[in-house]
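Given next are the chains, with one letter for each unit.
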Amino acid sequence: MARSALTRDEVLASAAALVRQHGPGALTMRKLAAELGTAVTSIYWHVGNRESLLDALVERTVEEMGTLRPTGRLPADRIVSVARGLRRELRARPHLIAMVHERGLTERMFLPAQQALAHEVHAAGLRGARAADAVRAVQIHTVGFLLVERNRERSPVQSPAEGDLWSESTADGDPALARALSRPADPDRLFTTSVRALVDGLLADSDPSDGDRG
């Protein structure tokens, strides 16, 4: 028996879940209707055809990416929190982000994160070109880190592996370095460490007394 009550939000949420798991190629109106326990005609009534559905998913993704909220007391902490949140949200929806990019809406999608970063670099005392450089540097670092991270996840098994290549001799006589590099990296810790170092460098010599929290 077909389900009688259905909302557009439920249709989009179910469609987004299918795309997240299997990619846009797996999203068909028939499969979506089966997931929702309704008739295909009901899906069409709520979202139109498949292309309209994909457009709606893109808009929904752009809106979701605008919900990042900084946390922390100091501007540097809040900037790092935006970067970590941006990485987390991008990792959670790669197929949907790709759809946004294909439709030429990437810059619009990133605008809320950029605005949050701009507010915090202003609070740290940066203005003008220095503030713009800081915003872009944090964004590029975050996206670049994620691209490298995903590329490593998808790459074939390496032989020899990174850990097999490090010894005291290859580590310039530093056995502790060799041991550390022979262990798998912790991406979350490495990202936080690297973005923190970047932010500290960008905010060096800034004057927080000139900032305006608004």
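Above this text is the structure in question.
Conventions adopted
Residues numbered from 1 in each chain as written. Predicted model: local features only at pLDDT ≥ 70, side-chain atom pairs only at ≥ 80, totals over all residues. Heavy atoms only, no water. Phe/Tyr/Trp six-rings, centres within 6.5 Å; stacked < 30°, edge-to-face > 60°. Helix = DSSP H or I, 4+ residues; strand = E, 2+ residues; numbered from the N terminus. Buried < 20%, exposed > 50% of the residue type's maximum accessible area, 1.4 Å probe, protein only. Contact = heavy atoms within 4.5 Å. Axes fitted to C-alpha atoms, helices over the stretch in contact; angles between N-to-C directions. Left-handed = near helix turned anticlockwise from the far one by under 90°. Nonpolar A, V, L, I, M, F, W, Y, C, P; charged D, E, K, R; others polar. Salt bridge = Lys/Arg side-chain N within 4 Å of Asp/Glu carboxyl O. 1 Å grid on protein atoms, 1.4 Å probe; cavity = no way out; pocket = protein on both sides within 12 Å on 5 of 7 lines; lining within 4 Å. Points joined across faces, edges and corners; volume = space filled by probe spheres on them.

Caption draft 1: Focus on the packing of aromatic side chains. Tallied over the full model, the rule gives one aromatic pair. Taking 5.1 Å as the distance between ring centres and 65° as the angle between the ring planes, the aromatic pair formed by Phe145 and Phe191 counts as edge-to-face. In this pair, Phe145 is assigned in helix 8 (residues 128-154) and Phe191 in helix 11 (residues 187-203), connecting sequence segments 46 residues apart. Like Phe191, Phe145 is buried.

Caption draft 2: Local environment of the environment of Val47. Mapped onto the fold, Val47 is located in helix 3 (residues 40-47). For Val47, a relative accessible area of 6% puts it in the buried group. Spatially, the C-alpha atom of Val47 lies 7.9 Å from that of Val11, the residues being 36 residues apart in sequence. Here Val47 is in contact with Arg8, Val11, Leu12, Met29, Ser52 and Leu53, once residues within four sequence places are set aside.

Caption draft 3: Region of interest: the packing of helix 5 (residues 75-92) against helix 8. As a packed pair, helix 5 and helix 8 sit with axes 10 Å apart at the nearest point and diverge in direction by 35°. In terms of crossing hand, the pair formed by helix 5 and helix 8 is right-handed. Across from Ile79, Ala83, Leu86, Arg87, Leu90 and Arg91 in helix 5, the residues of helix 8 making contact are Val138, Thr142, Val143, Phe145, Leu146, Glu149, Arg150 and Glu153. Across the contact of helix 5 with helix 8, the residue classes tally to eight nonpolar, one polar and five charged.

Caption draft 4: Focus on the pattern of salt bridges. Per the stated rule, a full pass over the model turns up 15 salt bridges. For the salt bridge of Arg103 with Glu51, the shortest nitrogen-to-oxygen distance reads 3.6 Å. Here Arg103, found in the loop between helix 6 (94-102) and helix 7 (106-123), pairs with Glu51, found in helix 4 (residues 50-64); they are 52 residues apart in sequence, far enough to count as distant. Across the pair Arg87 and Glu149 runs a salt bridge, and its minimum N-O distance is 2.7 Å. Taken together, the residues span a long stretch of sequence, with Arg87 in helix 5 and Glu149 in helix 8 at a distance of 62 residues. Using a relative accessible area of 9% as the deciding quantity, one classes Glu149 as buried.

Caption draft 5: Representation of empty space enclosed by the protein. Taken as a whole and judged by the stated rule, the model has one cavity of 30 Å³ or more. By volume, the largest cavity is sized at about 40 Å³. Lining the largest cavity are Ile79, Leu117, Val121, Ala134, Val135, Val138, Val199, Leu202 and Leu203. Here the lining of the largest cavity is composed, by residue class, of nine nonpolar, no polar and no charged.

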